[in-house]
Amino acid sequence: MEDIKTLAEEIQNQYVKKWRDEGGKVLGFSCVATPVEIIEAAGILPYRIKAMGSPEKELADAYMSRFNCAFCRSCLQLGLDGTYDFLDGLIETNGCDHLRGMFENWELVRKPDFFHYLRVPHFVRDDSLAAYEEELGLLRGAIAESFAVTIDDEALNAAIATSQDIMGMLRSMNGLRERGEPAVTGTEALAVVALSGSMPAEAFKALLEEFLKERSDAKVGEFRARLMLGGAATDELYFVEEIESLGGMVVADALCYGSRALWRLQDSGGGPLHQLAEGYLHNLTCPRMFKHYEQRRDFILETAKRAEVDGAVLIHNKFCDLHAVDNVALRADLESEGVPVLLLEKDYGAKADMGRIKTRVQAFLERIGR
Amino acid sequence: MNMQLIHPYEGLFNRLSGILGIIPTLPDRLSDEDIEGLARLLPAEMSKTLKAVLEPGMREASLAFFKAVGTWAEKAAHAKENGKKVVLMPFNFAPEIIYMFEKAVPIITEGITTLSTAALDKQGDKYWDFALSMGLPDTLCSASAIEIGSLLTGIDFQPDLILSAAPGSCDDNSKIHEFTANYLGLPQIMLEKPADTSRRAQELYLTYFKAMLREMEEFLGEELDEDRMREVIEKANRAHELYDELWEYRKMVPSPVPNIFNLYIYGTKYTVWGQNEGITVMQKLIDTCKRRVETGDYPAPKEIARTYWAYLFYYYDFMEFFNWLEKRGIAIVGDLPSTWFTKRIDTTSKESMTRDLASNSFDYFMTRQIGGSSVLLNWCDDIIWACRELSANALIYCGHHSCKQTWSVFSALRSEFMKRTKIPTLLLQGDMWIKRMTPMSSLHQQINEFINNVVARPRSSRK
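Cut-offs applied
- Residues numbered from 1 in each chain as written.
- Chains lettered and ligands numbered in written order.
- Predicted model: local features only at pLDDT ≥ 70, side-chain atom pairs only at ≥ 80, totals over all residues.
- Helix = DSSP H or I, 4+ residues; strand = E, 2+ residues; numbered from the N terminus.
- Rg over C-alpha atoms; globule rule 2.2 N^0.38 Å.
- Buried ≥ 20, exposed ≤ 12 C-beta atoms within 10 Å, placed from the backbone.
- Contact = placed C-beta atoms within 7 Å.
- Core = buried A, V, L, I, M, F, W, Y, C linked by C-beta atoms within 7 Å.
- Arc of directions from axis to C-beta.
- Nonpolar A, V, L, I, M, F, W, Y, C, P; charged D, E, K, R; others polar.
- Pairing = 2+ DSSP bridges.
- Axes fitted to C-alpha atoms, helices over the stretch in contact; angles between N-to-C directions.
- pLDDT = per-residue confidence, 0-100.
- Parallel < 35°, antiparallel > 145°, perpendicular 65-115°, else oblique.
- Left-handed = near helix turned anticlockwise from the far one by under 90°.

Moving on to the overall build of chain A. Summing up its helical and strand segments, chain A has 14 helices and eight strands in all. Its C-alpha radius of gyration of 20 Å places chain A within 12% of the 21 Å reference for a compact globule of 370 residues. If you line up chain A on its principal axes, its C-alpha atoms span 60 × 45 × 40 Å. For chain A, the residues scored as buried account for 53% of the 370 residues in total. A fraction of 74% describes how many contacts in chain A between residues 6 or more apart in sequence connect residues 24 or more apart.

Below, the structure written as structure tokens:
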């Protein structure tokens, strides 16, 4: 496991280096609404931009303000300081107001060779689904033209199959977490999912297969309570580790960089782009979607019940109003279903803030009698 | 619990409509003595506002504006007894679209907050506090959270529907309105702006716009009537012509347009556009400007700066703030909400009206810039155009903590703007609707320093 955690925390890990050394291209994206299958089908490595709790922001702060989410500023910092220079291009999405600013500044300063704006609708309706499918077609065309590759339906279907395999395996890993006696910690699970977005699919599958085999009969140590973690972009492994060090085992999550997007493809007919549009938009369990609250609530409630959690910790990064507002509604709905909730505002990548966070979590564990 | 904190008569809209409802009963002309008498009846803050807006040079226009918004508030307050539904919506949507329906009247979240900030004793602070007490974050926009805070108490005047066109251009605004609709069990209609400026995006927006109209028709049980549409739109078109005429006055040096008129322009646009009152106010604004041109009346010895405000300005002391600037020769030649890229609507047919309404809605303030392909470039291009048109020599951005989209690109915008225009830029920070965030004295000081040391002082005399 130590390997996976180390690999997850490295921005450019050995697999990415090897891919590039062999002449492979890498495209960066951030939002979970980006269909990686299109990038995979082009023979390009999709890389989900992350900051893994990096606290540095001084370059980014010259462009974005302190009223912007620190996660986006940390990612921008890594883009500006050259850490992400191994990317051959960027795919922007209108994930949220902060993310748009991050991409605009990144593009302005670093001028990547390839930059494409994938516009993701905020609603799940027939007209917006059709618009999104058209957007995916534009993305496919832009990648094909810029990288002089062909992205045919056959390649897309193969990429979709691989992606679905991986999602299925990640769901199996979550099954191991959710057991009465969990076999995987929340920190480990977050590391695995974080790594899934930053290495070639086949290599990741092999690694994950080995991990699942190794953990099938394992048991994590003693703990006080079964917790669910939900909310905003959180790829800081130390954050989950600290919560678990208090005895709050994170047996389930509904995090943006966690288990929120491990959906099953439904055969809705149509070609692969149509299937991707349906799959991604329907399963975008993110408060950036509107008139979709019930879906988010049900997903989180189902997760909490399936994992038999003692309580839920709903977090948001300071200035992320989408999650902060949604969490208020979720708290009411979860508590009315008998799931105690702790709302936590955190500053991304601020380890100095962990003392306060730990005190709140300790108090919560006491409140729920654990 | 709510009942213990806030009583029905203390709800924000209830209080505001109570006060504004009195204004239409006032005569069109008020003497200095009348105003002095009125001021004595009011609490200190309200009295200050009253005196500021009714300064002799703009008294008639101010009265026309406040009478218009008084009528608007009255219509909403009595809508239910008149068999109409009240539609609450954020400011980036045209009220004339609501007026096209026989059975609906619009109220505007930020309009209520802004007017309350001017007219109510202790402004909107307690409603903001109430919203925060529910766990909502203090990083929300106070323009919406103040009125929403009052609504969430559950005992203020309640709308029948929430309609939001903010998705795609403001996360904060969209999310708090969605939350409120869910919390209060109100129906909601939302219109998305694709983050794009292409022809394809405009066509997609038209599809969404038509779907929104159908939802409205279904909710109200009323099919849009072409004649009524035309009647409302012709009034909106007439008011738009007057806006264009006023734009010409705004170009003049020194500016004959009182600073506060920027607010009156969009205050009118957001409340009574498409109504007779909208035309009346716009005409009064022009009459005042015309008179000032004829008499050469200007409140300061000299116009030393022509400022364009990149987004909004400060409202919590706004009546005095405008006059404070003006008396120092600092003109506000424009701000983003009073700079329109909308057009006259073709009233030939229902389809032509619908298309042009959608097109104007696409180009509405904030929707156009922040909901564009690039927040930075769309916003920057529009500001540069306006600054050149209006001969601005200073740009001011009054950053509100909640404006995550504008804050995220303002640094780059400032560089780009200054490179292209050579116009100096001042970045301020403060909440426009809550006075306890940044004291007005601090803002005065920063503006004074910027204007006196950078804008008004010749470059050669600087060391």
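Moving on: the nonpolar core. Most often, soluble globular proteins have nonpolar side chains that are buried together. Of all hydrophobic cores here, the largest spans 272 residues; its most connected members are A:Leu227 and A:Ala312. Ranked by the residues each element gives to this core, the list is headed by helix 5 (residues 59-77) of chain B, at 11 residues. Sequence-distant contacts of A:Ala312, defined by excluding residues within four places in its chain, comprise A:Leu227, A:Met228, A:Gly230, A:Ala304, A:Leu334, A:Val339 and A:Val341.

When we look at burial in helix 4 (residues 44-53) of chain B, the residues that qualify are B:Leu50, B:Ala52 and B:Val53. End-on, the buried residues of helix 4 of chain B take up no more than an arc of 165 degrees, which puts them together on one face.

With 36 residues of chain A in contact, the opposing surface of chain B contributes 38 residues. For the side of chain A that touches chain B, the elements supplying multiple residues, two or more each, are helix 5 (97-110), helix 6 (126-147) and helix 13 (321-336) of chain A. Split by residue class, the side of chain A that touches chain B holds 20 nonpolar, seven polar and nine charged.

All names here are of chain B. The four strands lie next to each other as 6-5-7-8, forming an open sheet whose pairing is parallel. If you trace the sheet from one side to the other, it starts and ends with strand 6 (330-335) and strand 8 (425-429), each paired once. Taking the axes of each pair of neighbouring strands and ignoring which way they run, one obtains an average angle of 30 degrees across the sheet. Relative to strand 6, strand 5 (residues 305-309) is paired through five bridges, and the arrangement is parallel. Residue pairing across strands places Thr307 opposite Ile332, the latter belonging to strand 6. Across the sheet, helix 18 (residues 375-389) touches strand 5, strand 6 and strand 7 (394-399), and the angle it forms with strand 5 is around 155 degrees.

All names here are of chain A. Two elements in contact, helix 7 (residues 153-178) and helix 11 (residues 272-282), have axes whose closest approach is 9 Å; the angle formed by their N-to-C orientations is 35 degrees. Packed against helix 7, whose contacting residues are Asp153, Leu156, Asn157 and Ile160, the element helix 11 presents Pro272, Gln275 and Leu276 at the interface. A class-by-class count of the residues in the contact of helix 7 with helix 11 yields four nonpolar, two polar and one charged.

With that settled, the discussion passes to the sheet that holds strand 4 (residues 114-118) of chain A. All names here are of chain A. The four strands are arranged 2-1-3-4 in an open sheet whose pairing can be described as parallel. Looking along the sheet, the strands with just one partner apiece sit at the ends: strand 2 (45-48) and strand 4. Averaged over all neighbouring strand pairs, the angle between strand axes comes to 25 degrees, with direction disregarded. As paired strands, strand 3 (residues 89-93) and strand 4 are joined by five bridges and run parallel to one another. Within the sheet, the bridge partner assigned to Gly89 lies in strand 4 and is Phe114. Lying over the sheet, helix 5 contacts strand 3 and strand 4, oriented at roughly 150 degrees with respect to strand 3.

Along the chain, B:Leu140 falls in the loop between helix 8 (125-133) and helix 9 (142-152). Taking the C-beta count within 10 Å as the criterion, B:Leu140 has 25 such neighbours and is therefore assigned buried. The sequence separation of B:Leu140 and B:Asp171 amounts to 31 residues, and the corresponding C-alpha distance is 9.9 Å. With sequence-adjacent residues up to four places away left out, B:Leu140 is seen in contact with A:Asp321, B:Ala145, B:Asp172, B:Ile176 and B:Ser402.

Across chain B, pLDDT averages 92, with 97% of residues at or above 70. Confidence estimates for the predicted assembly give a pTM of 0.95 and an ipTM of 0.95.

A few words on the packing of helix 12 (residues 226-251) of chain B against helix 14 (residues 276-295) of chain B. Residue and element names in this part refer to chain B. Contact pair helix 12 / helix 14: the axes reach a minimum separation of 9 Å and the direction vectors enclose 15 degrees. On the basis of the axis angle, helix 12 is roughly parallel to helix 14. The two elements helix 12 and helix 14 meet at a crossing, and its hand is left-handed. Of the residues in helix 14, those in contact with Lys235, Arg238, Ala239, Leu242, Tyr243, Glu245, Leu246 and Tyr249 of helix 12 are Asn276, Gly278, Ile279, Met282, Gln283, Leu285, Ile286 and Cys289. For the contact of helix 12 with helix 14, the class distribution of residues is 10 nonpolar, three polar and three charged.

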